[in-house]
Amino acid sequence: MSGRTDQLRDLVLKIGATTKVVEKQATRHGSLRGSGEIEQALLGVVREMIKQYNIQTKLTPEQLSSVVRLFYKGLSDTEIAEQLGDRALNKTVSRARIKLHLFRETDLKPPFNKDDFIRLAEANRSVKDMAEALRVAPSTISEYRNIFDSQKASERDGYTKRFMEILSDQDVSERMVTVHTEDGLQDTIDTDYEAAEA
């Protein structure tokens, strides 16, 4: 049994040494951010947006940063609220997401003719007048005014591009770790374990 134990110990040491080499190579290249750096970069952009647009929400900057990250992971507003610890925050998440220039396809499909909305808005018609003309609730007019204003700001200021650049580092990093684990490290484990068995 002691011989088998020695072989397994040598295998573990060899795997540990291999992992260290890969980590040094990644650090030397320096082209990808670590997860901590990615979170800080996201938070930095979120804080900048809060200041520039005077964003007011019950969510903290850290929670807003999570909204960005989870939105790009494909989670719904309700799922994001659940990740934040309270499913009832789904409406809050939805409003905050719009303020962060993160749009879903359904956000940009109003229950009225958008050209008519723009024409009425440019004529400085009141929310009540617009609601009556477009046959929707005043709250719907206010909601889509915020959405369209955020959409314009998004096209002008480019924050979503910055979000995607930051998160692309995370995506590449995760894929590199997965490939390394499934291909490189697993091959080492399989090869060395077979050698130990022999």
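Please read all numbers here as calculations on a predicted model, not as lab measurements.

Parameters and conventions
Residues numbered from 1 in each chain as written. Predicted model: local features only at pLDDT ≥ 70, side-chain atom pairs only at ≥ 80, totals over all residues. Heavy atoms only, no water. Phe/Tyr/Trp six-rings, centres within 6.5 Å; stacked < 30°, edge-to-face > 60°. Buried < 20%, exposed > 50% of the residue type's maximum accessible area, 1.4 Å probe, protein only. Salt bridge = Lys/Arg side-chain N within 4 Å of Asp/Glu carboxyl O. Helix = DSSP H or I, 4+ residues; strand = E, 2+ residues; numbered from the N terminus. Axes fitted to C-alpha atoms, helices over the stretch in contact; angles between N-to-C directions. Parallel < 35°, antiparallel > 145°, perpendicular 65-115°, else oblique. Left-handed = near helix turned anticlockwise from the far one by under 90°. Contact = heavy atoms within 4.5 Å. Nonpolar A, V, L, I, M, F, W, Y, C, P; charged D, E, K, R; others polar.

**A short note on the packing of aromatic side chains**
Step number 1: Under the defined criterion, the tally for this structure stands at 6 aromatic pairs.
Step number 2: Between Phe-71 and Tyr-72, the ring centres sit 5.2 Å apart and the planes meet at 85 degrees, which makes this aromatic pair edge-to-face.
Step number 3: By relative accessible area, which is 31% here, Tyr-72 ends up partly exposed.
Step number 4: Every member of this aromatic cluster is reached through a ring pair, and the members are Phe-112, Phe-117, Tyr-144 and Phe-148.

**Regarding the pattern of salt bridges**
Step number 1: Tallied over the entire structure, the rule returns 11 salt bridges.
Step number 2: Put simply, Asp-77 and Arg-104 hold a salt bridge, and the shortest N to O gap is 2.9 Å. On the criterion of sequence distance, the pair formed by Asp-77 in helix α4 (residues 77–83) and Arg-104 in the loop between α5 (90–99) and α6 (114–122) is long-range, its members being 27 residues apart.
Step number 3: What makes Arg-104 partly exposed here is its relative accessible area of 21%.

**Things to note about the packing of α6 against helix α7 (residues 127–134)**
Step number 1: Interaxial distance between α6 and α7 falls to 10 Å at its minimum, and their mutual angle equals 150 degrees. The orientation of α6 relative to α7 falls into the category roughly antiparallel. As for how α6 packs across α7, the hand of that crossing is right-handed. Together, Asp-116, Phe-117, Leu-120 and Ala-121 of α6 and Met-130, Ala-133 and Leu-134 of α7 make up the contact between the two elements.
Step number 2: Class assignment of the residues belonging to the contact of α6 with α7 gives a composition of 6 nonpolar, no polar and 1 charged.

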